[in-house]
Amino acid sequence: MVGDVDKMIAVGLVWGATNALMRRGALICDRRSKESPPVGTIAGWLSLVLTWQYSAPFAANLAASAAFFAMLGGSPISVAVPVTNAAAFASTAACAAALGEGTRLWPAVLGTALIVSGVWICVL
(Lines give C-alpha, C1' and ligand atoms only; values in the text may rest on other atoms or scores of the structure.)
Protein backbone atom coordinates (compact mmCIF):
# COMPACT_ATOMS: atom_id res chain seq x y z
CA MET A 1 0.00 0.00 0.00
CA VAL A 2 2.90 2.40 0.70
CA GLY A 3 4.07 2.09 -2.91
CA ASP A 4 0.54 2.78 -4.05
CA VAL A 5 0.37 5.97 -1.98
CA ASP A 6 3.51 7.20 -3.74
CA LYS A 7 1.82 6.56 -7.09
CA MET A 8 -1.33 8.32 -5.92
CA ILE A 9 0.66 11.37 -4.88
CA ALA A 10 2.54 11.37 -8.19
CA VAL A 11 -0.75 11.29 -10.14
CA GLY A 12 -2.11 14.12 -8.00
CA LEU A 13 1.00 16.21 -8.60
CA VAL A 14 0.71 15.72 -12.36
CA TRP A 15 -3.02 16.54 -12.28
CA GLY A 16 -2.42 19.70 -10.29
CA ALA A 17 0.46 20.94 -12.41
CA THR A 18 -1.40 20.27 -15.64
CA ASN A 19 -4.52 22.04 -14.32
CA ALA A 20 -2.56 25.26 -13.92
CA LEU A 21 -0.79 24.81 -17.26
CA MET A 22 -4.04 24.04 -19.13
CA ARG A 23 -5.59 27.19 -17.69
CA ARG A 24 -2.67 29.21 -18.99
CA GLY A 25 -2.96 27.52 -22.41
CA ALA A 26 -6.70 28.24 -22.54
CA LEU A 27 -6.04 31.91 -21.76
CA ILE A 28 -3.51 32.03 -24.61
CA CYS A 29 -6.07 30.50 -26.96
CA ASP A 30 -8.71 33.02 -25.78
CA ARG A 31 -6.36 35.91 -26.54
CA ARG A 32 -5.75 34.55 -30.03
CA SER A 33 -9.44 34.02 -30.68
CA LYS A 34 -10.21 37.63 -29.74
CA GLU A 35 -7.81 38.78 -32.46
CA SER A 36 -9.32 36.48 -35.11
CA PRO A 37 -12.44 34.72 -33.82
CA PRO A 38 -13.00 31.15 -35.03
CA VAL A 39 -16.15 30.50 -37.03
CA GLY A 40 -18.27 27.86 -35.32
CA THR A 41 -17.93 25.59 -32.34
CA ILE A 42 -15.78 22.98 -34.05
CA ALA A 43 -13.32 25.63 -35.23
CA GLY A 44 -13.07 26.99 -31.68
CA TRP A 45 -12.47 23.52 -30.27
CA LEU A 46 -9.90 22.79 -32.98
CA SER A 47 -8.15 26.07 -32.21
CA LEU A 48 -7.88 25.04 -28.55
CA VAL A 49 -6.56 21.58 -29.37
CA LEU A 50 -3.98 23.01 -31.78
CA THR A 51 -2.67 25.38 -29.11
CA TRP A 52 0.33 23.40 -27.83
CA GLN A 53 0.33 25.27 -24.51
CA TYR A 54 -3.04 23.62 -23.86
CA SER A 55 -2.77 20.28 -25.65
CA ALA A 56 0.59 19.18 -24.19
CA PRO A 57 -0.55 19.51 -20.54
CA PHE A 58 -3.90 17.99 -21.53
CA ALA A 59 -2.12 14.90 -22.89
CA ALA A 60 -0.09 14.59 -19.68
CA ASN A 61 -3.30 14.97 -17.65
CA LEU A 62 -4.96 12.18 -19.64
CA ALA A 63 -1.92 9.93 -19.13
CA ALA A 64 -2.11 10.54 -15.37
CA SER A 65 -5.83 9.71 -15.48
CA ALA A 66 -5.08 6.40 -17.20
CA ALA A 67 -2.45 5.64 -14.53
CA PHE A 68 -4.99 6.50 -11.82
CA PHE A 69 -7.59 4.10 -13.22
CA ALA A 70 -4.97 1.36 -13.56
CA MET A 71 -3.93 1.97 -9.96
CA LEU A 72 -7.52 1.71 -8.72
CA GLY A 73 -7.52 -2.00 -9.56
CA GLY A 74 -5.26 -2.79 -6.61
CA SER A 75 -5.94 0.06 -4.19
CA PRO A 76 -8.89 0.87 -1.98
CA ILE A 77 -10.89 3.70 -3.50
CA SER A 78 -11.48 5.19 -0.03
CA VAL A 79 -7.75 5.95 0.14
CA ALA A 80 -6.92 6.54 -3.53
CA VAL A 81 -9.43 9.32 -4.15
CA PRO A 82 -8.66 11.54 -1.12
CA VAL A 83 -4.89 11.14 -1.45
CA THR A 84 -4.86 11.89 -5.18
CA ASN A 85 -7.28 14.82 -4.95
CA ALA A 86 -5.40 16.33 -2.00
CA ALA A 87 -2.13 16.17 -3.91
CA ALA A 88 -3.85 17.69 -6.95
CA PHE A 89 -5.23 20.58 -4.88
CA ALA A 90 -1.86 21.36 -3.34
CA SER A 91 -0.07 21.04 -6.67
CA THR A 92 -2.59 23.28 -8.44
CA ALA A 93 -2.15 25.99 -5.81
CA ALA A 94 1.64 25.78 -5.92
CA CYS A 95 1.89 25.70 -9.72
CA ALA A 96 -0.62 28.53 -10.15
CA ALA A 97 1.42 30.65 -7.74
CA ALA A 98 4.64 29.72 -9.56
CA LEU A 99 3.05 30.77 -12.87
CA GLY A 100 2.25 34.18 -11.40
CA GLU A 101 -1.49 33.83 -10.86
CA GLY A 102 -2.96 35.79 -7.99
CA THR A 103 -3.02 33.33 -5.10
CA ARG A 104 -3.76 34.17 -1.51
CA LEU A 105 -0.78 32.52 0.13
CA TRP A 106 -1.91 31.92 3.71
CA PRO A 107 -5.34 30.44 2.92
CA ALA A 108 -3.67 28.15 0.36
CA VAL A 109 -1.00 27.07 2.85
CA LEU A 110 -3.60 26.51 5.60
CA GLY A 111 -5.88 24.54 3.26
CA THR A 112 -2.99 22.42 2.05
CA ALA A 113 -1.84 21.72 5.61
CA LEU A 114 -5.35 20.67 6.64
CA ILE A 115 -5.70 18.41 3.62
CA VAL A 116 -2.29 16.81 4.19
CA SER A 117 -3.22 16.21 7.84
CA GLY A 118 -6.53 14.64 6.87
CA VAL A 119 -4.96 12.41 4.25
CA TRP A 120 -2.23 11.37 6.69
CA ILE A 121 -4.97 10.29 9.12
CA CYS A 122 -6.71 8.33 6.34
CA VAL A 123 -3.53 6.54 5.31
CA LEU A 124 -2.70 5.48 8.86
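The preceding data block contains the structure.
Basis of the calculations
Residues numbered from 1 in each chain as written. Predicted model: local features only at pLDDT ≥ 70, side-chain atom pairs only at ≥ 80, totals over all residues. Heavy atoms only, no water. Helix = DSSP H or I, 4+ residues; strand = E, 2+ residues; numbered from the N terminus. Buried < 20%, exposed > 50% of the residue type's maximum accessible area, 1.4 Å probe, protein only. Contact = heavy atoms within 4.5 Å. Areas by Shrake-Rupley, 256 points an atom, 1.4 Å probe, with all protein chains shown as cover. Lys, Arg positive; Asp, Glu negative; His and termini not counted. Charge placed at Lys NZ, Arg CZ, Asp CG, Glu CD. Patch = residues over 30% accessible without salt bridge, like charges linked within 9 Å, V, L, I, M, F, W, Y side chains within 5 Å. Salt bridge = Lys/Arg side-chain N within 4 Å of Asp/Glu carboxyl O. Expected span 1.5 Å × (residues − 1). Arc of directions from axis to C-beta.

**Student:** Just checking my understanding: could you explain the overall build of the chain for this structure?
**Tutor:** What the chain contains, in helices and strands, is 5 helices and 0 strands. Mapped from its N terminus to its C terminus, the chain presents α and β elements in the order α-α-α-α-α. Looking at the 124 residues of the chain, the share that counts as buried comes to 31%. Within the chain, contacts between residues at least 6 apart in sequence are counted, and of these 77% link residues at least 24 apart. Just so you have it, the chain exposes about 7700 Å², and 72% of that area is on carbon and sulfur atoms. Computed over 7 positive and 5 negative side-chain charges, the inter-centroid distance for the chain is 8 Å.

**Student:** It is not clear to me how a nonpolar patch on the surface should be interpreted in this structure. Could you clarify?
**Tutor:** The grouping of Trp 45, Leu 46, Val 49 and Leu 50 at the surface amounts to a nonpolar patch, some 430 Å² of accessible area in total. Summarising the element assignment, Val 49 is placed in helix H2 (residues 41-49). Val 49 gets classed as partly exposed once you look at its relative accessible area, which sits at 32%.

**Student:** Just checking my understanding: could you explain the pattern of salt bridges for this structure?
**Tutor:** Note on pairing: side chains with opposite charge can pair once their charged atoms come close. Here the structure, examined in full by the defined rule, presents 1 salt bridge. Two residues, Glu 101 and Arg 23, come together in a salt bridge whose shortest N-O distance is 3.9 Å. Here the residue Glu 101 occupies a position in the loop between helix H4 (77-98) and helix H5 (105-123), and Arg 23 occupies one in helix H1 (residues 2-35), the gap between them amounting to 78 residues. For Glu 101, a relative accessible area of 26% corresponds to the partly exposed category. You can call Arg 23 partly exposed: its relative accessible area is 44%.

**Student:** Teacher, can you tell me more about the side chain of Thr 51 here?
**Tutor:** In this structure, Thr 51 sits in the loop between H2 and helix H3 (52-72). For Thr 51, the contacting residues outside a window of four places in its chain are Gly 25, Ile 28, Cys 29 and Arg 32.

**Student:** How do you make sense of H3 when you look at a structure like this?
**Tutor:** In this model H3 runs 30 Å from its N-terminal to its C-terminal C-alpha over 21 residues, within 8% of the 30 Å that 1.5 Å per residue would give. Considered for burial, the residues of H3 that qualify are Gln 53, Tyr 54, Pro 57, Asn 61, Ala 64, Ser 65, Phe 68 and Met 71. Seen end-on, H3 carries its buried residues on one side only, within an arc spanning 120 degrees. Of the exposed residues in H3, the ones pointing more than 90 degrees away from its buried face are Trp 52, Phe 69 and Ala 70.

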